[in-house]
Structures are given as structure tokens and as C-alpha cells.
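# Coordinate inspection notes
Residue-level listing of the chains:
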Amino acid sequence: MTGVAEPAAERYAAAHSTPPTADLEALQRDTHASLASPQMLSGPVEGRLLELLVHAVQARLVLELGTFSGFSALSMAAGLPPGGRIVTCEVSPEHAAFARRRIEASLHARRIELRLGPALETIAGLPGPFDLVFIDAEKTGYRGYYEAVLPKLSDHGLIVVDNTLWSGRVIEPDGGDDDTRALAAFNDHLVSDERVVCVMLTVRDGVTLIRRR
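These remarks concern the structure in this document. From a predicted model like this one, the values you see are computed outputs, not experimental measurements.

What follows deals with the environment of A36. On the secondary structure map, A36 appears in the loop between α2 (22-34) and α3 (44-56). Owing to a relative accessible area of 59%, A36 belongs among the exposed residues under this scheme. Distance from A36 to V91, taken between C-alpha atoms, is 15 Å for residues 55 residues apart in sequence.

This is the structure:
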């Protein structure tokens, strides 16, 4: 989603971050040309952040909820250690087909497994432990996804949640739509959950990092 930072600041941040590889630049163009709601794309700055987080925790198993066009999965794959892999979940057949073609054509094809279907069903069938979980799926489902993955997080693992600022609409959610109210309630739950430590970053549309205490 569109960020809450000033456009000039966002452009400056992008210009002073390592640019995306040629294949990711092409994927970004294809996403905008081929899919509805291209603003759902994570984008270059957030993609680099995800890559660096995967690298920092040396994540051997990454779970992504919400593949969309595959940009974030391919970004994270660049940070995997030897033997690391990603399971990415997508409920839309159109998005899954689009992402699968790009993933299979990439250098990381053998390290990314795309599963089509409801995320909660996929989570239930995966034993974990997950070293990093990236949540960027249906906003009204965030609380359920969080509760499903938290027990399966590794001791050093991170949960990364996208869109937690929701273009600033979460600041005054009353009168907002279901997504806005759900995200505001999720944010309130996180900050009061004594099981975890969290920090909300003002990167793009809000990225919250969570670890277990």
C-alpha cells in the first residue's frame, strides 16, 4: 500500500538503498502492467529490508503469508543462508500463477515453495519452527495468522507484519472500513501482548517486527 512518509523522503530512501536486481525491476514493471492493485507490491526499499532481516537471523525456514506477484519472496530468497528455504502462501489462483512463473524462472526457484490455498490451513500442516514469518495477507485475518504462527516461531525468530500503519488510517479507525478497524485492533493487541516484544517502523506503509520474550 501507499506509504505514509512524505513522497520526497520515500524517493530519497529509495535512492540511498541498494537498488533492486534487474529481474526484480522487471517483475515490478510486470506487476504494474499485469495485475490489479499493484500497490500491494512490497517495493524495493521494503524488499531490501526483508532480505536483510532474513540474512540477519540466518533464517533457514521462512514462511510468507501473501505471495502476490512474488516480489517479496524473491527479495527474501537473496538473504537465505545455504540450505535455507521459503514457503509462501497465496489464496488467489491468478496471483499464484503469476508469481509461480516468475519464481520458476529465477535463480531461487529450488528454494521457494508456493502453496495455493487458505493460509491458516497451510500453517496447520507445517511443523516449523519458522525463523522468519512475513505477514502480508488479508488484513482482517492478521490476528488469526499471528496466533497461528507465534507458537511455531523459533527461539531467535522474527514475525514481520506489513501495512500496520495503513496509510495512517489506523490512527483514527472509528468510522473506517473492516480492514482499518482490524489493523488498529491488531496493533493494540500486539503492544499489550506480554508474550512478545514489538517495534513499529515507519517504512513505507508501516512494518512491525515482533519477537517472543
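For strand β4 (residues 130-135), the tally of buried residues reaches six of six residues, placing the bulk of the element in the interior. Relative to β4, strand β1 (residues 61-65) is paired through four bridges, and the arrangement is parallel. Bridge pairing in β4 links E64 to F134. Taken together, the five bridges between β4 and strand β5 (residues 153-162) define a ladder with parallel strand orientation. Note on β5: the bridge partner recorded for F134 is V160. Once you follow β4 into helix α7 (residues 142-149) and on to β5, the crossover reads as right-handed.

Under the counting rule described, the total for this entry stands at ten salt bridges. Two residues, R195 and E147, come together in a salt bridge whose shortest N-O distance is 3.0 Å. Placement of the pair is R195 in the loop between α8 (178-192) and β6 (196-201) and E147 in helix α7, with a sequence separation of 48 residues. Between R195 and D193 there is a salt bridge, with its nearest N and O atoms 2.7 Å apart. Of the residues examined, R195 reaches a relative accessible area of 38% and is grouped as partly exposed. The buried category is assigned to D193, whose relative accessible area is 8%.

Criteria and thresholds
Residues numbered from 1 in each chain as written. Predicted model: local features only at pLDDT ≥ 70, side-chain atom pairs only at ≥ 80, totals over all residues. Heavy atoms only, no water. Helix = DSSP H or I, 4+ residues; strand = E, 2+ residues; numbered from the N terminus. Buried < 20%, exposed > 50% of the residue type's maximum accessible area, 1.4 Å probe, protein only. Pairing = 2+ DSSP bridges. Right-handed = clockwise from strand over helix to strand, strands pointing away. Salt bridge = Lys/Arg side-chain N within 4 Å of Asp/Glu carboxyl O.

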